[in-house]
Structures are given as structure tokens and as C-alpha cells.
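What follows is the residue order along each chain.
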Amino acid sequence: MVAIAVDRLTKVFPDGTVAVDGVSFEAASGEFLVLLGPTGCGKSTILRLVAGLEQETSGHVLIDGRVVDEMSARDRKVAMVFQDYALYPHLTVAQNIGFPLRVGHHAVAGVDARVAKVAEHLGVTDLLHRLPGHLSGGQRQRVAMARAIVREPQAFLLDEPLSNLDAGLRAELRTDVAALARRLAVTTLYVTHDQTEAMTMADRVAVLRRGVLQQIGPPAEVYGDPATLFVAAFLGTPRTNLLQGAIYVDGDRAVIDLGSQVLELPSAGALAGHHNDRVTVAVRADALRPVAEADGPALRGSVRLVENLGHEALVHLDTGIVPTPLADSQLEHPDTHLVDAVGEDPPPGHPFRQALARMMPHGRTESQPATARTEYGFYPVYDPESSDQPPVLSDVVVRVPAPVLPRRGDSMTVAVELDKLLLFDRSGARIRFS
Ligand SMILES: Nc1ncnc2c1ncn2[C@@H]1O[C@H](COP(=O)(O)OP(=O)(O)OP(=O)(O)O)[C@@H](O)[C@H]1O
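Residues numbered from 1 in each chain as written. Predicted model: local features only at pLDDT ≥ 70, side-chain atom pairs only at ≥ 80, totals over all residues.

Regarding the overall build of the protein chain
Put simply, the rule is: Secondary structure elements are taken from DSSP: a helix is a run of H or I of four residues or more, a strand is a run of E of two residues or more, and numbering for both begins at the N terminus. Exposure criterion: with C-beta atoms placed from backbone coordinates, a residue whose C-beta has 20 or more other C-beta atoms within 10 Å is buried, one with 12 or fewer is exposed, and one in between is partly exposed. Each residue is represented by a C-beta atom placed from its backbone, and any two residues with such atoms within 7 Å are regarded as in contact.
When you go through the protein chain residue by residue, the secondary structure sums to nine helices and 21 strands. The buried share of the protein chain, reckoned over its 434 residues, is 42%. Taking all contacts inside the protein chain whose residues are at least 6 apart in sequence as the whole, residues at least 24 apart take part in 69%.

A short note on the sheet that holds strand β9 (residues 204–209)
Defined as follows: Strand pairing is defined by DSSP finding a minimum of two bridges between the two strands. Note on geometry: axes are lines fitted to C-alpha atoms, helical ones only across the stretch in contact, with angles between N-to-C directions running from 0 to 180 degrees.
Taken in spatial order, the six strands of this open sheet run β6-β7-β8-β3-β9-β10, and their pairing is mixed. Each of the sheet's edge strands pairs with one partner strand only, and the pair in question is β6 (78–81) and β10 (212–217). Taken over all neighbouring pairs, the strand axes of this sheet differ in orientation by 15° on average, direction set aside. The sheet contact formed by β9 and β10 spans five bridges and is antiparallel. Bridge pairing in β10 links L208 to L213.

Quick word on helix α3 (residues 111–122)
Filter applied, for reference: In this scheme, a helix's expected span is set at 1.5 Å multiplied by one less than its residue total. Along the arc lie the directions from the helix axis toward the C-beta atoms.
In this model α3 runs 16 Å from its N-terminal to its C-terminal C-alpha over 12 residues, within 8% of the 16 Å that 1.5 Å per residue would give. Among all positions of α3, only V111, V115, V118, A119 and L122 are buried. Projected down its long axis, α3 shows its buried positions confined to an angular sector of 105°, all on one face. Within α3, the exposed residues directed more than 90 degrees away from the buried face are A113 and E120. Of the residues trailing α3, G123 is marked for its positive phi of about 70°.

What about the pairing of β6?
Neither face of β6 is open: one carries V78 and M80, the other A79 and V81, and all of them are buried. Looking at chain direction, β6 and strand β7 (residues 155–159) are connected through four bridges and run parallel. Opposite V78, over in β7, you have A155 as the bridge partner.

Overview of the confidence of the model for the protein chain
Detailed reading of the predicted coordinates is not advisable wherever pLDDT is low. Our working definition: pLDDT: the predictor's confidence for each residue, scored from 0 to 100.
Confidence in the prediction of the protein chain, expressed as mean pLDDT, is 82, and 82% of residues score 70 or more. Taken element by element, the predicted model of the protein chain shows its lowest mean pLDDT in helix α9 (residues 352–357) (45) and its highest in strand β1 (residues 4–12) (97). Confidence drops under a pLDDT of 50 for residues 328–349, and excluding neighbours within four residues, the segment shows 46 contacts in the predicted structure. Within the model, pLDDT remains below 50 along residues 352–372, and this stretch shows 43 contacts once partners closer than five positions in the same chain are excluded.

Some details on the site of the ligand
Note the cut-off: Nearness is defined per residue: the C-beta atom, placed using the backbone, must lie within 6 Å of the molecule or strand. Residues are sorted three ways: Asp, Glu, Lys and Arg are charged, Ala, Val, Leu, Ile, Met, Phe, Trp, Tyr, Cys and Pro are nonpolar, and all the rest, Gly among them, are polar.
Near the ligand there are 13 residues, and of these F13, A19, T39, S44 and T45 occur at the shortest range. Sorting elements by how many residues they give to the shell around the ligand places helix α1 (residues 43–51) first, with three residues. Each residue belonging to the shell around the ligand can be placed in one class, and the counts come to three nonpolar, eight polar and two charged.

As for the packing of helix α2 (residues 93–103) against α3
Formally: For classification purposes, an angle smaller than 35 degrees is called roughly parallel, one larger than 145 roughly antiparallel, one from 65 to 115 roughly perpendicular, and anything else oblique. With the far helix as reference, a near helix turned anticlockwise by less than a right angle produces a left-handed crossing, and one turned clockwise produces a right-handed crossing.
Taken N-terminus to C-terminus, the directions of α2 and α3 make an angle of 125°; their axes are 9 Å apart at the nearest point. Here α2 is positioned oblique relative to α3, judged by the angle of their axes. Regarding α2 and α3, the two cross each other, and that crossing is right-handed. Listed contacts from α3 to A94, I97, G98, L101 and R102 of α2 are V111, R114, V115, V118 and A119. Tallied by class, residues from the contact of α2 with α3 come to seven nonpolar, one polar and two charged.

Quick word on unusual backbone geometry
Residue T237 is joined to P238 through a cis peptide bond whose omega torsion reads -5°. With respect to the helices, strands and loops of the structure, P238 is situated in the loop between α8 (229–234) and β11 (241–250). Even without being glycine, K77 reaches a positive phi, approximately 55°. Mapped onto the elements of the fold, K77 is located in the loop between β5 (66–67) and β6. Looking at K77, the number of C-beta atoms within 10 Å reads 16, which means it is partly exposed. Residues other than glycine seldom take positive phi values, yet N276 does so here, at roughly 75°. Residue position: N276 is located in the loop between β13 (262–265) and β14 (278–283). In this structure N276 comes out as partly exposed when scored by C-beta crowding, with 16 C-beta atoms within 10 Å.

Let's talk about the pairing of strand β16 (residues 298–308)
In this sheet, strand β19 (residues 411–416) lies alongside β16 in antiparallel orientation, the contact comprising five bridges. By the bridge assignment for β19, S302 is matched with S411. Looking at chain direction, β16 and strand β17 (residues 312–318) are connected through six bridges and run antiparallel. The partner of S302 across the bridge, within β17, is D318. Between β16 and β17, which pair antiparallel in sequence order, lie three residues; one of them, G310, sits at a positive phi of approximately 95°.

Printed below as a string of C-alpha cells:
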């Protein structure tokens, strides 16, 4: 088997769309590498470039250490499977699987044996005589996979192969597909926007955003140690809580000021140089634990909503903390929207004045002016362009084990595991503090 690498790969389409922007990575021989990212981030384009179905604007594709930029798709000997399996409707399953061998240079002898072997690998032996129209979606996808591997490709390129299937089948097939790729030890690039698929199937995950590689690493590392706010926000079920905050440092004391609440850190440590920095605090449900009484860092709130999932519940807590909005925040527009409200007010007449006037201060009450600061000098800011609606305070989502569930309106305290707390600066880059 062979390694696949891309080196500063860039694809600009004729209309100027930069679909892939200087991406470099290497999938080792036999590795299962998942390309993960939201729609339009360039995943499929990377796959098509590797397959030779698209010509790169600059950079290189390497297969087994050899630059293949000028090599035809056929000669690259990689097999690609798409989400629409595109089986030939008038051919039986056996004929579909054997098709690449019959049109290729192979002697016809031996085709049946290879079809039988591959069909067994994919668990479709009983279906060999059927037509695709008489198969379920999952069975069709298995046949498409069988057809792709029958030529014994050097590598597998899978483009959202499971996305047309229902949830149950997806779960079943993702285990099968990953197991098959490992059994055959075929180097695999697998494209998905589904974080569960990425986490469960991959040896390593490459997270992409707008054609740019954000981070690559084993699933646990990318999840637990995200390099950017984008990665932290993209990976998390339930969704990662993103909270506006600021860092306050006084000697060896450090506080993360969340407006209506503060989290005290044991020591300033690596945050010493970040006094007054505006940050987004990303805190996932697995960093939060409901407690009767806090004996360490904690957040408090009142229960707004309980989603009962049977074995556990997701509790939405109204904490009075202002969220970093996912779509209109620095997540999508680095450093363009948020005003640095820490430290000093903008001068009169400054264009940000209006924005500041619409700020939601911490624990706002009727008697409190809208520009109240916390004792540490911070107030969260709403982007006035993102919405005409009054600002909404963040719900912090917490997992609570069934059966003892809180009720709407109950107060709740959740202990915060500080070493799972993720801080990001205004450009979305990680601030490490321990
Ligand atoms: N032929 C083309 N001409 C112009 N733009 C294109 C072309 N093909 C893709 N794009 C654009 O390039 C970007 C990346 O597309 P690509 O299909 O690689 O994304 P993706 O991450 O695979 O998305 P999805 O998950 O929706 O399939 C998108 O903005 C897309 O609109």
C-alpha cells in the first residue's frame, strides 16, 4: 500500500473561488485519514485533486512519494466512492462489481472469483444475482464499495459515502467500512462533515475550514486539544458552549471574567501576559458536572430547558453569560466584529459607540446602566449587525444523568473542570494556560 500526500495544494476555480488553500498533509501507508469540515470547506475538491479528476492551481499530489500532478486519473490507481453510488441499474450486483475488471486490461478469467471474494468481504454474497433497484440504500453502498475495491486500488477515496443512509444504517456501515479498510490495509481518505463518523472511524482527522487546514491529529487530540476556536466549536456534542469573557490578572491571581460570573484560576501561570484580553471561553458539557455545592470553580444558573434523552438529559442553564455567536462572531470573521471593550471606552463619536450602547452588561437590571462593567472592567459586547433582536443570553448546556432531573426554574450549580476549559483570543487562536 502507498502513502498519499498533498503539498501546499491550492485550487482556485475559474470564477475565483479558492476551494483549497495551501493544504499539506500526508496519509501514511494503510492509514485511515478523515477530512472533516462544514459544507463548502473544500473536502471534496481535495479528494478530486488526489484522484486526478481536477487539476490543481498550485502545489502537488504525491502517491507513494512520487509527484503525480501530470498522471491521469486512471494511472493513479486510486478508487473513489461517492455518496450517490451510481450503480448500473440494468446490471446485476455481480456484474456491477465485476464491471471495472471487464472494461480494464484484466483477462476475463478470474473475474468471478475476485467478485466472489470481494462480495464476501462486503457481506453482499447473497445479493449477487439482484439488480440495484431491488437493494436497500445500505446494500447499494456496500456494492459500490465492492466495485471500488475489486481492482485492488492503491488507495481509497471515499466522499461522504454514508450520507444518503438513515442514522441506524450509517452507524452500522461506518464500523464496517473502517474495519474493511483496516483489514485490507488500504490507505484511505474519507470525507465527511459528520463529527461522529470522523471520531469513530479515523486514525487521524484533518479539520478544514474555507479551504484551509486547521488541525490534523488523532481524534482524541483534535477534540481534547483544539488549536482554534473553529475546531473547538465544530467538535462537540451537545454543541460546545462558547462564552464571551475577559482575562483579569493581578500578580499571581487570574480570573476569567464572564460578565455575570467569574471563574477564579489557581494561579496566573501562562495567562500573565494576557491581562485584559478579550477571549472566548469554550466549555463542553464534559467539563461541567452538576454539584450540590461548589468547592471550586463553578457556574450557576437557572434551568431554562430540560431535554430528556432517556439515559441522560441535556439541561440548558440560563447563566446570564453572553455567548460568542457562532455564525457572526470571530469564528467566521476573525477580528472584525467584536469591539475590545476591555480597559477603555471608545471616545465619543467613535463608530463603536453605538455598538457599545447595545451591549448587554453583566446581570443587567432596570436600575443598572447598559454600559455597566464588572468589577474587573469587562462587559460583553453584542454585534449590532448580527441581529435587530434584543440580545439573548447564553444557555450553558450541561449533561445530567437520569433519573433525577431538575425542573425548569430550578437553580443549579455546575463545577467546572478547569483543565478542560479552552480559551481563544479574538482571532480564534488558542490561549494555553496550563
Ligand atoms: N467547479 C466549481 N466551480 C466553482 N466553485 C466550485 C466548483 N466546485 C466547487 N466549488 C466551490 O469550492 C468550494 C469547496 O467545494 P467542495 O465541494 O470541495 O466543498 P465540500 O467541503 O466538499 O462541501 P460539501 O460537504 O458540501 O460537499 C465551495 O465553495 C464550492 O462552492
